[in-house]
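# Understanding the architecture of this molecule
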Amino acid sequence: MRSRVTLFLLLFFAQTCASTFAAGIEDVYSDTESLLPPLRQWSGASESLIVAADDPWITPAEVMQLIATPGYAETMSWLRKLVNASPELEMVSIGRSLQGRDIWMVIASADKAFSAAAMKVTGKPLLLAHSGIHAGEIDGKDAGLMLLRDMTVASRRSELLAKANFLFIPILNVDGHERTSAYNRINQRGPVEMGWRTNARNQNLNRDFTKLDTPGVRALIRVFRQWQPDLYLDLHVTDGADYQYDITFGGNGRNGWSPAIGNWIEDVYRPAINSALVENGHEPGGLIFAANGMDMKDGVLSWSGDPRFSNGYGDASHLPAILVENHSLKPYKRRVLGTYVLVAETLELLAREKDSLRKAMVQDRKKRPQSIPLGFERDSSASAEMVSFKGIGSERYQGEVSGGEVVRWTGQAVIETIPEVLIGKPTTLIETPAAYIVPQAWSDVVERIALHGIEVEQIDEPLNTRAEIYRLPGAVIAEPSDWTPNPFEGHIRIDPGEPDIQLIETTFPVGSYRISTDQPLGELLVLMLEPQAPDSFLQWGFFLEIFTRTEYAEAYVLEPLAQKMLENDAELKNRFQQKLASDEAFAGSQYQRLMWFYEQTPFYDKQYLVYPVARIPRDR
């Protein structure tokens, strides 16, 4: 009996200690506000957008005073109730997630044009917006619910649908949305609990716009193709530095793949949205990325995204795309209200400026450039422009734990003049071919290309033509970094090195795919098939098989063969002797020496390291 009492007391003591310890740990991690920079007080005219507590159409987030956000089920339940009460609204599933959830889209049309064909007949401009591609960054969902209510049952903003149509996807990454926790984003002020950045397979949807691995982005691309929106908003929340701006946004710059659209975004869209945000008490700014990744001492980067990103994809496909990045260190209520103002003003602007925007789109979609930049980088020879920046004071100190410099934000508003570093110099300019030929064996790549809306022709008779072939002798697995671990997004990334290009006369067999660049998405095609393009299928690891040798030869056969080759070819013998004299590692390796001979025989695999996609050059 005594032993049982003793055991009970020991267990009770252990549980008490564990509970006390757990409570202490909980206190450490729950007080994240003390870790963040000081919060500056704010109030603005947009606060009037919040309805009264007894309003029958109050949204779930407003019930919680815009400090929390509802789950998937509650969000969709509220939306179904709104749709059932609003003849201007329809709700459709555009796809299903990996865990089987519907990805819902609300169609808003005063004309009840609930199909793409019917909507086109209205002649009105079409805005597409989605929230939650990163599900922890969910401001746009709650702003969108408020706006849909005000355009319909509340009749507060019904004039917006009189001149424009609206497609709204409240949650794109629905599985990540349901991986909810108070501990998902340590550097973000609200909501109280939020979803996770990636989907159920840990894939980042905003790295998937070219390769199309995820159901969410595939569904979104189908919406692009089917509905043909005039403008696309991707609603996010930032990471990183502190500053005064609360709503930051931008396209992909003036000098990208769609310069006419880029100019429209900067010259027409930005001034109108800035004005509306300021009028409602917000502080708008351009997209902000600290040049040193820490603070503003070295300025900000004017970034051009690759087509794996939403804004880069819009640029490459000539779809006007705006990346919205609300400042994570501003409270959730302020961010949600700012998003409401931005989306509402975008609808108003589209009604006024649809003709100028469509003109820019036509201009970019008609161009057929002789050469295409495969990416952009900083031009180190160009001096940065000095710009005025509404920052927050900061200082650096030596971290005792990390042993390195750490930034501390003071909360004091400052106006700084800092350099704006343009990421606009082409990394590589590639001459645009007339077409690409993809072998039938790589039909999985062709299927992904076709999903983008790129026209593909499968030839039904042999095609004899001149073609350019890439060989990739310097290709290696891409070096991992802090930002791109290896593997990255479920793929082994490939650095193609400097390719060798050979012009040949060849015949492509029946069943091969010919894909012309003479189409509106021709530039996007080039960016997916040129090996040196950062978002090419080659660099994403879709052609890993070409880097494997599958036939070999042993020394007992290569040694006498090499001897015969030397005896019969004086020029070969001279090259071999030069190689021995100039390459110490080669001279000391039996394997390298014999392989050097093997590679020059007809027995060697001529397809090894050859990129299977051929280029058909333009007629000169």
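In this text the structure is predicted, and so the values were computed from the model without any measurement.

Right, let's talk about the pattern of salt bridges for a bit. Using the criterion set out here, one finds 34 salt bridges in the structure. A salt bridge links Arg185 to Asp239, with the nearest nitrogen and oxygen atoms 2.9 Å apart. On the criterion of sequence distance, the pair formed by Arg185 in the loop between helix H7 (174-177) and helix H8 (215-227) and Asp239 in the loop between strand E5 (231-237) and strand E6 (247-250) is long-range, its members being 54 residues apart. Look at Arg185 and you get buried, because its relative accessible area is 11%. Overall, the relative accessible area of 41% leaves Asp239 in the partly exposed class. For Glu571, the salt bridge identified is with Arg575, shortest N-O distance 2.9 Å. Placement of the pair is Glu571 and Arg575 together in helix H15 (residues 570-582), with a separation of four residues, close to one helical turn. Given a relative accessible area of 31%, Arg575 falls into the partly exposed group. Each member of the salt-bridge network shares a partner with another, and the members are Glu62, Arg149, Asp150 and Arg156.

Judged by pairing direction, the sheet is mixed, and its eight strands sit side by side in the order E1-E2-E4-E3-E5-E9-E6-E7 without closing on themselves. Where the open sheet ends on each side, the last strands, each with one partner, are strand E1 (89-96) and strand E7 (284-286). Sheet twist, expressed as the average angle between the axes of neighbouring strands with direction ignored, equals 25°. One ladder, built from three bridges, connects E6 with E7; its direction is parallel. Bridging from a neighbouring strand, Thr248 pairs with Gly285 of E7.

It is worth spelling out the layout of surface pockets at this point. Estimated volume of the second largest pocket: approximately 880 Å³. Gly286, Leu287, Leu301, Ser302 and Glu420 are the residues nearest the centre of the second largest pocket, which is lined by 39 residues in total. Counting only elements with at least two residues in the lining of the second largest pocket, the list comes to E6, helix H9 (259-279), E7, strand E8 (300-302), strand E11 (376-378), strand E12 (385-398) and strand E13 (405-426). If you tally residues by element for the lining of the second largest pocket, the top one is E13, at six residues.

To continue, consider the side chain of Lys211. Tracing the sequence through the fold places Lys211 in the loop between H7 and H8. In this structure the side chain of Lys211 is engaged in a polar contact, spanning 3.1 Å, whose partner is the side chain of Asp213.

Now for a nonpolar patch on the surface. On the surface, a cluster of nonpolar side chains totalling about 340 Å² of accessible area is made up of Val63, Met64, Ile67 and Val192. Checked against the element boundaries, Val192 lands in the loop between H7 and H8.

Okay, the packing of helix H10 (residues 310-317) against helix H13 (residues 522-529) next. For the pair H10 and H13, the least separation of the axes is 7 Å and the interaxial angle reads 125°. As judged from the angle between their axes, H10 and H13 are oblique. Contacts between H10 and H13 involve Tyr313, Ala316 and Ser317 from the first element and Glu523, Leu524 and Leu527 from the second.

Extensive coverage of H10 is indicated by the burial of eight of its eight residues. Looking at H10, one finds that the buried residues are Ser310, Asn311, Gly312, Tyr313, Gly314, Asp315, Ala316 and Ser317. Contact partners of the buried residues in H10: H8, E5, strand E9 (321-326), helix H11 (332-366) and H13. One or two steps after H10, the chain reaches His318, where phi turns positive at roughly 60°.

On to the packing of H8 against helix H12 (residues 443-451). Contact geometry for H8 and H12: axes closest at 10 Å, N-to-C directions at 50°. Taken together, H8 and H12 sit at an angle that is classed as oblique. For the pair formed by H8 and H12, the contact residues are Arg218, Ile221 and Arg225 on the first element and Arg448, Ala450 and Leu451 on the second. By residue class, the composition of the contact of H8 with H12 is three nonpolar, no polar and three charged.

A few words now on the pairing of E9. Looking down a regular strand, the side chains alternate between one sheet face and the other. Of all six residues in E9, six are buried; the element is thus mostly enclosed. The alternating pattern of E9 places Ala321, Leu323 and Glu325 on one face and Ile322, Val324 and Asn326 on the opposite face, and all of these are buried. Here E5 runs beside E9; their pairing, made up of six bridges, is parallel. Within E9, the residue paired with Leu233 across the bridge is Ile322. Pairing geometry for E6 and E9, over four bridges, is antiparallel. Residue Ile247 lies in a different strand from E9, and its bridge partner there is Asn326.

A few words on the nonpolar core. Of all hydrophobic cores here, the largest spans 125 residues; its most connected members are Leu148, Phe166 and Tyr269. Ranked by the residues each element gives to this core, the list is headed by H11, at 14 residues. For Tyr269, the residues in contact, after removing those within four places along its chain, are Leu231, Leu233, Phe249, Trp264, Ile322, Leu342, Thr346 and Leu349. Counting 13 residues, the second largest nonpolar core, distinct from the first, contains Tyr245, Ala290, Val387 and Phe389.

What counts and how
- Residues numbered from 1 in each chain as written.
- Predicted model: local features only at pLDDT ≥ 70, side-chain atom pairs only at ≥ 80, totals over all residues.
- Heavy atoms only, no water.
- Salt bridge = Lys/Arg side-chain N within 4 Å of Asp/Glu carboxyl O.
- Helix = DSSP H or I, 4+ residues; strand = E, 2+ residues; numbered from the N terminus.
- Buried < 20%, exposed > 50% of the residue type's maximum accessible area, 1.4 Å probe, protein only.
- Pairing = 2+ DSSP bridges.
- Axes fitted to C-alpha atoms, helices over the stretch in contact; angles between N-to-C directions.
- 1 Å grid on protein atoms, 1.4 Å probe; cavity = no way out; pocket = protein on both sides within 12 Å on 5 of 7 lines; lining within 4 Å.
- Points joined across faces, edges and corners; volume = space filled by probe spheres on them.
- Polar contact = N/O pair within 3.5 Å; in protein donor to acceptor, adjacent residues only side chain to side chain.
- Patch = residues over 30% accessible without salt bridge, like charges linked within 9 Å, V, L, I, M, F, W, Y side chains within 5 Å.
- Areas by Shrake-Rupley, 256 points an atom, 1.4 Å probe, with all protein chains shown as cover.
- Parallel < 35°, antiparallel > 145°, perpendicular 65-115°, else oblique.
- Contact = heavy atoms within 4.5 Å.
- Nonpolar A, V, L, I, M, F, W, Y, C, P; charged D, E, K, R; others polar.
- Core = buried A, V, L, I, M, F, W, Y, C linked by side-chain atoms within 4.5 Å.

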